[in-house]
Amino acid sequence: MRIQLSEHFTYPKLIRFVLPSVVMMIFTSIYSVVDGLFVSNFVGKTPFAAVNLIMPLLMAIGSLGFMIGAGGTAIVARTLGEGHEERAKRYFSLLVYVTAIGGAVLAAVGQLLLPQISALLGAEGAMLKDCVLYGRIILCAMPFFMLQNVFQSFFVTAEKAQLGLFVTVAAGLTNMALDALFVAVLPWGLAGAALATTFSQVIGGIVPVFYFMRKNDSLLRLTRTQLYGRILLKACTNGSSELMSNISASVVTMLYNHQLLRLAGEDGIAAYGVMMYVSFIFAAIFIGYAVGGAPVISYHFGAGNTAELKNLFRKSMVLVSATGAVMTLSAIAASAPLSGIFVGYDPALYDMTVHGFRVIAFAFLFSGVNIFGSAFFTALNNGAVSAAISFLRTLLFQSASVLILPLLWGLNGVWAAVIAAELFALMITVSFLIAKRKKYQYI
């Protein structure tokens, strides 16, 4: 039975509602993980390092979809809560069209500048050629990847989270199957891994377009619209935290790669790549919860239902805190077998990866509250606070930590930087939640 945005949420109902979004985000994060797994084991260590070096740039370009999806969902869900369904459809349509056009423009610019940017990131020789090859193929599907990110949020707002889950799982399974075919069976190497991801992203982006173009029984549909400049600006500013989070994460990863190249060479980048793959999946659980819960928060905020807002905030804090503790224990326990899957062929690289993995695992204790806190303020249409949390967490604290701590502890300082950044961000998040409690009445 379909759960509506307007309902009262118990723990079981809230988990059921957000679960499709959590699974969607996990499958989305699997794209790069599966590519890395096949490239590392079937193509080699240098192409694997190249994928890890160029991936932050590709994710930064694709962050437009995250921004419009999160910021636009808050506006559309609030508009639905206020009772303006037709207006919500027009806003939704505008945001989808802008994403498609913006994605095409950014992909074209990326194609032109990719060799120069790859060289600036530190790639040279064979690694530079691999970065350009992989990046240019992935950029061909960038508009579809952005659309997929947008629809992940809007499927929830349309009360069709299950359908969004189906589309994302289909895209993820396509990626896995084609990786196995193009890399393990056919001798297509790194290009095969990139093509597998490209085809899966096309599926994830184009199928929702066809669904929302026709008549359907959801709350949303693509229709004629106009340029609502104020709404577009509001969506961008409101979703700026997600944009900042993704761009900052990409910039910080480049800093990590620079430090790791200096301290441990290609092995350092490869080890960090394994940790980030698993971290992507773990973080996807928190991000999926935020994506799934945000439309409900925005709806009840728009409807002026402070009692349900308090209920959602309280239950969400309990869930993300408990999940963070479970993730930390799971990451420590799984560090050895997961490292073995990716880099078990190289004993020194394996040992480095396991050690770093066990250090970074403690960051999950704090990251869930930080991710939810930023998304919570986005859902309340307070993009400024949300962006501040994301900026401090993903850029300022991470950059400072990764530049300073290695001076004190060498390679261990790189791993510890993740924990330090999340701990400082937790202090900021809690401070904002306390400071804004009377204004929004969620406590």
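The shown structure was predicted, so the numbers you read here are calculated from the model rather than taken from an experiment.

Draft legend 1. Spotlight on the overall build of the protein. If you tally the helices and strands in the protein, you get 17 helices and zero strands. With the principal axes as the frame, the protein shows a C-alpha extent of 60 × 45 × 35 Å. The buried share of the protein, taken over its 443 residues, is 58%. In the protein, of all internal contacts separated by at least 6 residues, the share reaching a separation of at least 24 is 81%. Accessible area of the protein: about 16,800 Å², with a carbon and sulfur share of 70%. Side chains of the protein give 27 positive and 17 negative charges; the mean places of these two sets differ by 14 Å.

Draft legend 2. Region of the structure containing the nonpolar core. Core analysis: the largest hydrophobic core is formed by 129 residues, its most contacted members being Val76, Phe92, Tyr134, Phe212 and Tyr442. Per-element accounting of this core gives the leading share, 16 residues, to helix H11 (residues 266–302). If we ignore the near neighbours within four places in the chain, the residues touching Val76 are Ala88, Tyr91, Phe92, Leu95, Phe154, Thr157 and Leu220.

Draft legend 3. Quick peek at the packing of helix H4 (residues 85–120) against helix H5 (residues 126–139). Where H4 meets H5, the axes come as close as 9 Å, and the angle between the chain directions of the two elements is 165 degrees. Looking at the two axes, H4 sits roughly antiparallel to H5. The hand of the H4/H5 crossing is right-handed. Of the residues in H5, those touching H4 at Ala107, Gly110, Gln111, Leu114, Pro115, Ser118 and Ala119 are Leu128, Cys131, Val132, Gly135, Arg136 and Leu139. By residue class, the composition of the contact of H4 with H5 is eight nonpolar, four polar and one charged.

Draft legend 4. Structural detail: the pattern of salt bridges. Applying the stated criterion to the full structure yields five salt bridges. One salt bridge connects Glu86 with Lys89, and the closest N-O pair in it is separated by 3.6 Å. Here Glu86 and its partner Lys89 are both found in helix H4, three residues apart, which amounts to about one turn of the helix. Put simply, Asp217 and Lys160 hold a salt bridge, and the shortest N to O gap is 2.8 Å. Taken together, the residues span a long stretch of sequence, with Asp217 in the loop between helix H8 (189–213) and helix H9 (229–238) and Lys160 in the loop between helix H6 (142–157) and helix H7 (161–185) at a distance of 57 residues. Relative accessible area serves as the criterion here: at 52%, Asp217 is assigned to the exposed category.

Draft legend 5. Highlighting a nonpolar patch on the surface. A surface patch of nonpolar side chains, about 490 Å² in accessible area, is lined by Ile101, Val105, Val109, Leu112 and Leu113. Relative to the assigned elements, Val105 resides in helix H4.

Draft legend 6. Fine view of unusual backbone geometry. You will see that Asn381, though not glycine, has its phi angle at about 65 degrees, which is positive. Mapped onto the elements of the fold, Asn381 is located in the loop between helix H14 (364–379) and helix H15 (383–409). Judged by its relative accessible area of 12%, Asn381 is buried. Despite not being glycine, Gln441 has its phi angle at roughly 60 degrees, a positive value. Residue position: Gln441 is located in the segment after helix H17 (437–440).

Draft legend 7. Broad picture of empty space enclosed by the protein. Counted according to the given criterion, the structure contains two cavities of 30 Å³ or more. Estimated volume of the second largest cavity: approximately 30 Å³. Met24, Gln148, Phe151, Gln152, Phe155, Gly164, Val167, Thr168, Gly204 and Pro208 are the residues that line the second largest cavity. Ranked by residues supplied to the lining of the second largest cavity, first place goes to H6 with four residues.

Draft legend 8. Structural detail: the environment of Glu159. Relative to the assigned elements, Glu159 resides in the loop between H6 and H7. Each C-alpha atom, one on Glu159 and one on Val39, is 38 Å from the other, the two residues being 120 residues apart in sequence. Leave out the neighbours within four places in its chain, and Glu159 touches Arg2, Ile3, Gln4, Leu5 and Leu219.

Draft legend 9. Fine view of the side chain of Ser40. Examined against the element boundaries, Ser40 turns out to sit in helix H1 (residues 11–42). Given a relative accessible area of 3%, Ser40 falls into the buried group. Polar side-chain contacts of Ser40 include one of 3.0 Å to the side chain of Tyr345. Discounting residues that sit within four places of it in the chain, Ser40 has contacts with Phe48, Phe342, Val343 and Tyr345.

Cut-offs and rules
Residues numbered from 1 in each chain as written. Predicted model: local features only at pLDDT ≥ 70, side-chain atom pairs only at ≥ 80, totals over all residues. Heavy atoms only, no water. Helix = DSSP H or I, 4+ residues; strand = E, 2+ residues; numbered from the N terminus. Buried < 20%, exposed > 50% of the residue type's maximum accessible area, 1.4 Å probe, protein only. Contact = heavy atoms within 4.5 Å. Areas by Shrake-Rupley, 256 points an atom, 1.4 Å probe, with all protein chains shown as cover. Lys, Arg positive; Asp, Glu negative; His and termini not counted. Charge placed at Lys NZ, Arg CZ, Asp CG, Glu CD. Core = buried A, V, L, I, M, F, W, Y, C linked by side-chain atoms within 4.5 Å. Axes fitted to C-alpha atoms, helices over the stretch in contact; angles between N-to-C directions. Parallel < 35°, antiparallel > 145°, perpendicular 65-115°, else oblique. Left-handed = near helix turned anticlockwise from the far one by under 90°. Nonpolar A, V, L, I, M, F, W, Y, C, P; charged D, E, K, R; others polar. Salt bridge = Lys/Arg side-chain N within 4 Å of Asp/Glu carboxyl O. Patch = residues over 30% accessible without salt bridge, like charges linked within 9 Å, V, L, I, M, F, W, Y side chains within 5 Å. 1 Å grid on protein atoms, 1.4 Å probe; cavity = no way out; pocket = protein on both sides within 12 Å on 5 of 7 lines; lining within 4 Å. Points joined across faces, edges and corners; volume = space filled by probe spheres on them. Polar contact = N/O pair within 3.5 Å; in protein donor to acceptor, adjacent residues only side chain to side chain.

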